[in-house]
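Coordinate inspection notes
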Amino acid sequence: MSRGLRWALGLGAAALAVAVLRGRLPGGDEVLRAVAGLDATWLTVAVAAEAMSMATFARLIRRLLAVGGTRVPLPRAVALTYARTAVSNSLPAGPVLSIAYVTRQLGRLGAGKPLITATLVLSGVYSTATFGVFGLVALLAEPATRTVVLVASVPVLAIGAALVRLRLPALLGWVRRRSPATFEQLRAAREAIRPAGRDRVVLTTLALANWALDIACLGAVCAAAGVEIGPQTILFGYVAAKLAAVLALVPGGLGVAEIGLGATFIAAGMSGGAAAAVVLLYRLISFWAVLVAGWFAWLLLLDGVRARLGVAGHRLGTVLLWITKAMEPCTYLYGYRDLPREISHP
């Protein structure tokens, strides 16, 4: 998508949001009252759902690497997922920098460039395709958009299938002629990962679960705020916010996603204070908390930091053993006479 078209779509979405929000923005007192009445249990559910969503995407990456023959420990995959998200959502040209960062990290774990390329491409394909499923469900669930989608789906699908069938071989031939090196990289990436039928099912399930858990986080925040709103409205607001973030020209869709989500909920009849509380808390959990955790994970993945933590852990263990030995005479007072020899005499 060209930069000009993104600007046009972004401005159009902003104008629509302003029209919806005009005269309905809440005051500070109304927002504070909504936040003060939050349910702590549902907030805990929201945080857990978001953490599970991030872990599920890490499992998706890990599964793709495993199909290609590279095993990555789950904690390392989770830390890398948080770190790449932080880089992507907080820096200019963040998506490009995050790809370079992931490529370097996975290369150090033994993955070859074709496998890394295939992993990044296929994770994007599975993630985008499953988000499209949720987007289609959201549009079909809303009466205002259902008819338009049903009418437009048949010709759109027919045209898309024809373009793929007619143009894909021509496109591959054009890439091969114009950039043989790029063509060879794509071919090598295709050879690097060849998922079987069971792998495709698992990968699709993980991609669907990643989005579903993020949507569950938003639903739990709504429940924490005591808002009675239908699941179709939550899904529609979620899809609208994500699309607005994609169109935004700022990292992470900061500001645009909040406006899109708030406008959707207010248009659905939610009060301004409740909508503001839901949007602020959801973004606090799904964006800002993930951002902080991601930069912390980025620090932990630095070799120098890990080495220092290892030294600190070794020293702490030595101190604990020394304290245990110093307290050895006290063991007879408390009846602990059968300490393991390696602890009693380190």
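Report on the accompanying structure. (Residues numbered from 1 in each chain as written. Predicted model: local features only at pLDDT ≥ 70, side-chain atom pairs only at ≥ 80, totals over all residues. Heavy atoms only, no water.)

**Section: the pattern of salt bridges**
Oppositely charged side chains can form a pair if their charged atoms are brought close together. So the rule is basically this: Between Lys or Arg on one side and Asp or Glu on the other, a salt bridge is scored when a side-chain nitrogen of the former is within 4 Å of a carboxyl oxygen of the latter. Runs of H or I in DSSP of at least four residues are treated as helices and runs of E of at least two as strands, each being numbered from the N terminus. Burial status follows relative accessibility: with a 1.4 Å probe on protein chains alone, a residue under 20% of its type maximum counts as buried, one over 50% as exposed, and anything between as partly exposed.
Following the criterion strictly, the structure yields three salt bridges and no others. As a salt-bridge pair, Arg283 and Glu258 come within 2.7 Å of each other at their nearest N and O atoms. Within this pair, whereas Arg283 is found in helix H12 (residues 272-300), its partner Glu258 is found in helix H11 (residues 256-267), the two being separated by 25 residues in sequence. The pair Arg283 / Glu258 is uniform in exposure class, with both members buried.

**Some remarks on the packing of aromatic side chains**
The condition that has to hold: Geometry of aromatic contacts follows a simple scheme: Phe, Tyr and Trp rings, the Trp one being its six-membered ring, pair when their centres are within 6.5 Å, and the pair is stacked under 30 degrees between planes, edge-to-face over 60, tilted otherwise. Working rule: Lys NZ or Arg CZ, within 6 Å of ring centre, within 35 degrees of ring normal, means a charge sits over the ring.
Scanning the model with the defined rule gives four aromatic pairs in all. On the numbers, 4.9 Å between centres and 50 degrees between planes, the contact of Phe131 with Trp211 is tilted. On the criterion of sequence distance, the pair formed by Phe131 in helix H6 (residues 113-141) and Trp211 in helix H9 (residues 197-224) is long-range, its members being 80 residues apart. Pair check on accessibility: Phe131 and Trp211 agree, each one buried. Between Trp211 and Tyr238, the aromatic rings sit 6.4 Å apart at their centres with planes inclined by 75 degrees, giving edge-to-face as the arrangement. Residue Trp211 is found in helix H9, and its partner Tyr238 is found in helix H10 (residues 231-247); the two are separated by 27 residues along the sequence. Here a set of aromatic residues connected by ring pairs shows up, and it is made of Phe131, Trp211 and Tyr238. Sitting over the face of the ring of Phe287, Arg283 holds its NZ or CZ atom 4.6 Å from the ring centroid.

**Regarding the side chain of Thr233**
Under the convention used in this document: Only heavy atoms enter the contact rule, under which two residues are in contact if any of them lie within 4.5 Å.
Looking at the element boundaries, Thr233 is found in helix H10. With sequence-adjacent residues up to four places away left out, Thr233 is seen in contact with Glu142, Phe265 and Ala268.

**A word on the environment of Ser53**
Note the cut-off: Counting of polar contacts relies on pairs of N or O atoms within 3.5 Å, with two restrictions inside protein: one atom must be capable of donating a hydrogen and the other of accepting it, and residues adjacent in sequence are counted only when both atoms are side-chain atoms.
Following the sequence through the fold, Ser53 ends up in helix H3 (residues 40-67). Measuring from C-alpha to C-alpha, the distance between Ser53 and Ala212 comes to 7.8 Å, with 159 residues separating the pair along the chain. Once you skip the residues sitting within four places of it in the chain, Ser53 turns out to touch Asn210, Leu213 and Asp214. A polar atom in the side chain of Ser53 sits 2.8 Å from the backbone oxygen of Asn210.

**Structural notes on the environment of Leu115**
Inspection of the secondary structure assignment puts Leu115 in helix H6. Through-space distance from the C-alpha of Leu115 to that of Leu65 is 7.1 Å; in sequence the pair is 50 residues apart. Not counting residues within four places of it along the chain, the set of residues in contact with Leu115 comprises Leu64, Leu65, Gly68, Thr70, Ala192 and Ile193.

**A closer look at unusual backbone geometry**
The phi dihedral of Ala93 falls on the positive side, at around 55 degrees, and the residue is not glycine. On the secondary structure map, Ala93 appears in the loop between helix H4 (74-90) and helix H5 (94-108).

**Overview of the packing of H3 against H6**
Applicable threshold: The angle between two axes is taken between their N-to-C directions and runs from 0 to 180 degrees, where each axis is a line fitted to C-alpha atoms and a helix contributes only its stretch in contact. Should an angle lie under 35 degrees it is considered roughly parallel, over 145 roughly antiparallel, and from 65 to 115 roughly perpendicular; all remaining angles are considered oblique. In this scheme the handedness of a crossing depends on how the near helix is turned from the far one: anticlockwise by less than a right angle means left-handed, clockwise means right-handed. Throughout, the ten residues Ala, Val, Leu, Ile, Met, Phe, Trp, Tyr, Cys and Pro are labelled nonpolar, Asp, Glu, Lys and Arg are labelled charged, and all others, Gly among them, are labelled polar.
Contact geometry of H3 with H6 gives a least axis separation of 9 Å together with a crossing angle of 140 degrees. In terms of orientation, H3 and H6 fall into the oblique class. The crossing of H3 and H6 is right-handed. Touching Phe57, Leu60, Ile61, Leu64 and Leu65 of H3 are Leu115, Thr119, Leu122 and Ser123, all from H6. When the residues that make up the contact of H3 with H6 are grouped by side-chain class, the tally is seven nonpolar, two polar and no charged.

**Examining the nonpolar core**
Inclusion rule: Working definition of a nonpolar core: buried Ala, Val, Leu, Ile, Met, Phe, Trp, Tyr and Cys residues. They are joined through side-chain atoms within 4.5 Å.
By size, the foremost hydrophobic cluster in this structure holds 32 residues, and its most contacted members are Leu218, Tyr238, Phe265 and Val278. Elements that contribute at least two residues to this core include exactly H3, H6, H9, H10, H11 and H12. Sort the elements by how many residues they give to this core and H9 lands first, with eight residues. Each residue touching Tyr238, except ones within four places of it in the same chain, is listed here: Phe131, Trp211, Asp214, Ile215, Leu218, Leu261 and Tyr282. If you look at the next biggest cluster of nonpolar residues, it comprises 29 residues, including Met54, Tyr101, Leu106 and Leu120.

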